[in-house]
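# Structure at a glance
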Amino acid sequence: MARAGITVDRLVEAAAELADEVGFENVTLSALARRFGVKDASLYSHVKNLQELRTRLAFLAGAELIDLISAAVAGRAGKDALVAFAGAYRAYAQRHPGRYAATQIRIDQSLVAEAPALRRTADITYGMLRAYGLDEPDLTDAVRLLRSTFHGYCVLEAAGGFGASRDVRESWDRAVDALHAALVNWPRGQGG
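Below: a short report on this structure. (Residues numbered from 1 in each chain as written. Predicted model: local features only at pLDDT ≥ 70, side-chain atom pairs only at ≥ 80, totals over all residues. Heavy atoms only, no water.)

### Here's the deal with the nonpolar core
Which entries qualify depends on this criterion: Residues belong to a common nonpolar core when they are buried Ala, Val, Leu, Ile, Met, Phe, Trp, Tyr or Cys residues joined through side-chain atoms within 4.5 Å. Exposure is judged per residue with a 1.4 Å probe applied to protein chains only, and the accessible area is read against the type maximum: over 50% gives exposed, under 20% gives buried, and values in between give partly exposed. Numbering of helices and strands runs from the N terminus, with a helix taken as a DSSP run of H or I at least four residues long and a strand as a DSSP run of E at least two residues long. Contacts were defined at the residue level, with two residues in contact if any of their heavy atoms lie within 4.5 Å.
Among the nonpolar cores identified, the biggest contains 35 residues, and Ile69, Leu82, Leu129, Phe150 and Leu183 are the most heavily contacted of them. By residue number, the principal contributor to this core is helix 5 (residues 78-95), which donates nine residues. Beyond its immediate sequence surroundings of up to four residues, Ile69 is in contact with Phe85, Ala88, Tyr89 and Ile124. Membership of the second largest hydrophobic core comes to 23 residues, among which are Phe24, Leu29, Leu53 and Ala102.

Structure (structure tokens):
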């Protein structure tokens, strides 16, 4: 029987808070059980295992991230949309480091179809890139370029990996400018 007051949603929200406090990799069912003042076994009536909890956390964080991005890019196109998208992405990674880490896990593809936030993420990202005149396979390549650049930057920044005296925000802005230039001058017809 489920413990009074614990629901799947409350459990996932508590996991998200814990992830931001101690890191995604340190989220365990035992740590959550301690937060709720219950035994570990009590949580198994809500989630099958740690992998399910982490997947649910990834979906929650992905939905939060795309909501933030969607609001930022609304009514914008081209460079304005790219700057807004990038800014929202970075702000989320800074504000919610554990949740952000959850968005990077590999999710079983059979579950992806059931996640409307992931569909919205693709729609918004591809829609922004179509304004640059990109079609497949260039769209997929451009998505991978943006994701790897944004993710790499956010991870390095969070780890204190930028030791030069140049302001990190100024470097971020220049990186986004460079991405815009790359998208405008994308080598079309080269994909394969």
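### Some remarks on helix 4 (residues 50-73)
The criterion, for reference: Multiplying 1.5 Å by the helix residue count minus one yields the expected span of that helix.
The first and last C-alpha atoms of helix 4 sit 34 Å apart over 24 residues, in line with the 34 Å expected at 1.5 Å per residue. Where helix 4 terminates, the next one or two residues include Gly75, which has phi positive at roughly 75 degrees.

### Description of the pattern of salt bridges
The condition is simple: Salt bridge, as used here: a side-chain nitrogen of Lys or Arg that lies within 4 Å of a carboxyl oxygen of Asp or Glu.
Within this structure, the stated rule accounts for 11 salt bridges. In this structure, Asp20 engages Arg99 in a salt bridge whose closest nitrogen and oxygen atoms are separated by 2.8 Å. You can see Asp20 sitting in helix 1 (residues 8-22) and its partner Arg99 sitting in helix 6 (residues 97-102), a full 79 residues away along the chain. Lys79 is the partner of Asp177 in a salt bridge, and the nearest nitrogen-oxygen pair spans 2.9 Å. Here Asp177, found in helix 10 (residues 168-184), pairs with Lys79, found in helix 5; they are 98 residues apart in sequence, far enough to count as distant. In this structure Asp177 comes out as partly exposed when scored by relative accessible area, which is 29%.

### Describing helix 8 (residues 116-130)
A rise of 1.5 Å per residue sets the reference length of helix 8, with its 15 residues, at 21 Å; its end C-alpha atoms lie 21 Å apart and thus fit the reference within 8%. Looking at helix 8, one finds that the buried residues are Ala117, Ala122, Ile124, Thr125, Tyr126, Met128 and Leu129. On its buried face, helix 8 is in contact with helix 4, helix 5, helix 9 (138-158) and helix 10.

### Quick look at the packing of aromatic side chains
Quick note on the threshold: Each pair of aromatic rings taken from Phe, Tyr and Trp, with Trp reduced to its six-membered ring, is defined by centres within 6.5 Å and is described as stacked if the planes are under 30 degrees apart, edge-to-face if over 60, and tilted in the remaining cases. As a reminder, the over-ring test applies to NZ of lysine and CZ of arginine, requiring each to be within 6 Å of the ring centre and within 35 degrees of the ring normal.
Applying the stated criterion across every chain, the model contains six aromatic pairs. Pairing Tyr89 with Tyr100 gives two aromatic rings, centres 5.5 Å apart and planes at 75 degrees, and the pair type is edge-to-face. One end of the pair, Tyr89, is in helix 5; the other, Tyr100, is in helix 6, with 11 residues separating them in the sequence. With relative accessibility at 7%, the residue Tyr89 sits in the buried group. Under the relative-accessibility criterion, Tyr100 is labelled buried at 5%. The rings of Phe85, Tyr89, Tyr100, Phe150, Tyr153, Phe162 and Trp172 are connected pair by pair, giving a single aromatic cluster. Lying across the ring of Phe24, Arg54 places its NZ or CZ 5.2 Å from the centre.

### As for the environment of Glu136
Here is the rule: The term polar contact refers here to a pair of N or O atoms within 3.5 Å; inside protein, the definition further demands a hydrogen-donor-capable atom paired with an acceptor-capable atom, and it admits residues adjacent in sequence only when both atoms are side-chain atoms.
Inspection of the secondary structure puts Glu136 in the loop between helix 8 and helix 9. You can call Glu136 partly exposed: its relative accessible area is 46%. Considering only alpha carbons, one finds Glu136 and Arg188, 52 residues apart in sequence, at a separation of 9.8 Å. A polar side-chain atom of Glu136 sits 2.8 Å from a polar atom in the side chain of Thr140.

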